[in-house]
Amino acid sequence: MKVIQFTVPVAEEGSVVIQEDILPYFYNYLHRHKEAQLTLIIKGEGTLIAGSYTQPFKAGDIYLIGANQPHMFKGDARYFENLKEKNIHAIHIFFDHEHALQGLLALPEMEPVRKFLQLTRSSLQLPAEHEEKISAEILRLSKLTGAERLFAFMTVLTYFSRQVKDWKSLSTGFS
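I will try to describe carefully the structure that is included in this document.

A look at the overall build of the protein
Looking only at helices and strands, the protein has four helices and 11 strands in total. The buried share among the 175 residues of the protein stands at 46%. Of the contacts formed within the protein by residues at least 6 apart in sequence, a portion of 76% connects residues at least 24 apart. Working note: accessible area of the protein is about 9400 Å², and carbon and sulfur atoms make up 54% of it.

The structure is reproduced here in C-alpha cells:
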C-alpha cells in the first residue's frame, strides 16, 4: 500500500492545529505528515494502522501518532453504505515539536515534556484510565485559539510526561 504525504491544513492557526472531523467515514488513505498527531475518537470504529502495527479502535480511544508515521483510521465497511450519515467524529491536534515548538521545548522547565516526546517516534495509545480526563481537555482545547490553545496543549503534554506511565506502544519493532 502506497503512503500519501499529507499536508495539514494550517489556516493561520499557529503552532497547534485543530481539525474536527464529523463525516460519513474516516480519511481512508494511508498517509503521513511532518506533524505529530493527538487524536480523540468521539464516534466511530474500525482498524487503526500505524506503521506496521494494526489494532481495532473505538469511541473514547486516544492516540498519539508520531511525526512522519504512516497511519490510517480505517472505518468499518458499513460506514460506506450510507454516505449521507455522519458516522464518525474525531478531533485531531497536529503539532510540530521538532520545528515550530522547538524553541519553547528547549526551555529547561520543559525537559520532562521533551523526554516524553522522544517516545512518540512510534505511535502510542493512552491508557483507558486517563481517557475521560484527556477527552475533556481535548474538547476544551478544540474551542481555544492563540496563546490559550498553546498553553492548554502544553498542559496536556505536561500531564502526559508526568502522570501517564503505561502508554501502549503501537510498534511491532519492524518498519
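Here we look at the nonpolar core
In terms of nonpolar packing, the biggest core is built from 30 residues, with Leu-38, Ile-93, Phe-116, Ile-138, Phe-153, Leu-157 and Phe-160 touching the most fellow members. For this core, the secondary-structure elements that each account for two or more residues are β2 (16-23), β4 (36-43), β7 (62-65), β9 (88-95), α2 (111-118), α3 (131-141) and α4 (146-163). Leave out the neighbours within four places in its chain, and Phe-116 touches Leu-64, Leu-124, Leu-157, Phe-160, Ser-161 and Trp-167. Membership of the second largest hydrophobic core comes to 12 residues, among which are Leu-48, Phe-57, Tyr-63 and Phe-73.

Looking at the sheet that holds β4
Taken together, six strands build an open sheet; the order of strands is β2-β9-β4-β7-β10-β11 and the sheet is antiparallel. The outermost strands of the open sheet, each flanked by one partner alone, are β2 and β11 (168-169). Where β7 meets strand β10 (residues 124-125), two bridges bridge the pair, whose relative direction is antiparallel. Residue Leu-64 lies in a different strand from β10, and its bridge partner there is Leu-124. Against the sheet, α3 engages β2, β4, β7 and β9, with an angle of about 105° to β4. Lying on the sheet, α4 is in contact with β2, β4 and β9; it crosses β2 at an angle near 85°.

Quick word on the layout of surface pockets
Computed from the structure, the largest pocket encloses a volume of approximately 210 Å³. Taken together, 12 residues line the largest pocket, and the ones lying closest to its centre are Gln-19, Asp-21, Tyr-27, His-31 and His-92. Of all elements in the fold, only β2 and β9 reach the threshold of two or more residues within the lining of the largest pocket. With three residues, the top contributor of residues to the lining of the largest pocket is β2. By residue class, the composition of the lining of the largest pocket is six nonpolar, five polar and one charged. Taken together, His-97, Glu-98, Gln-102, Leu-105, Ala-106, Arg-114, Leu-117, Gln-118 and Arg-121 make up the lining of the second largest pocket. If you list the elements that add at least two residues to the lining of the second largest pocket, you get α1 (102-105) and α2. The element that contributes the greatest number of residues to the lining of the second largest pocket is α2, accounting for three residues. Class assignment of the residues belonging to the lining of the second largest pocket gives a composition of three nonpolar, three polar and three charged.

A closer look at the pattern of salt bridges
Tallied over the full model, the rule gives three salt bridges. A salt bridge links Lys-58 to Asp-61; the shortest N-O distance between them is 2.9 Å. Among the salt bridges present, the one from Glu-137 reaches Arg-140, with a minimum N-O distance of 3.3 Å. Of this pair, Glu-137 and Arg-140 are both found in helix α3, three residues apart, which corresponds to roughly one turn of the helix.

What counts and what doesn't
- Residues numbered from 1 in each chain as written.
- Predicted model: local features only at pLDDT ≥ 70, side-chain atom pairs only at ≥ 80, totals over all residues.
- Heavy atoms only, no water.
- Helix = DSSP H or I, 4+ residues; strand = E, 2+ residues; numbered from the N terminus.
- Buried < 20%, exposed > 50% of the residue type's maximum accessible area, 1.4 Å probe, protein only.
- Contact = heavy atoms within 4.5 Å.
- Areas by Shrake-Rupley, 256 points an atom, 1.4 Å probe, with all protein chains shown as cover.
- Core = buried A, V, L, I, M, F, W, Y, C linked by side-chain atoms within 4.5 Å.
- Pairing = 2+ DSSP bridges.
- Axes fitted to C-alpha atoms, helices over the stretch in contact; angles between N-to-C directions.
- 1 Å grid on protein atoms, 1.4 Å probe; cavity = no way out; pocket = protein on both sides within 12 Å on 5 of 7 lines; lining within 4 Å.
- Points joined across faces, edges and corners; volume = space filled by probe spheres on them.
- Nonpolar A, V, L, I, M, F, W, Y, C, P; charged D, E, K, R; others polar.
- Salt bridge = Lys/Arg side-chain N within 4 Å of Asp/Glu carboxyl O.

Nothing here speaks to function; it is geometry throughout.
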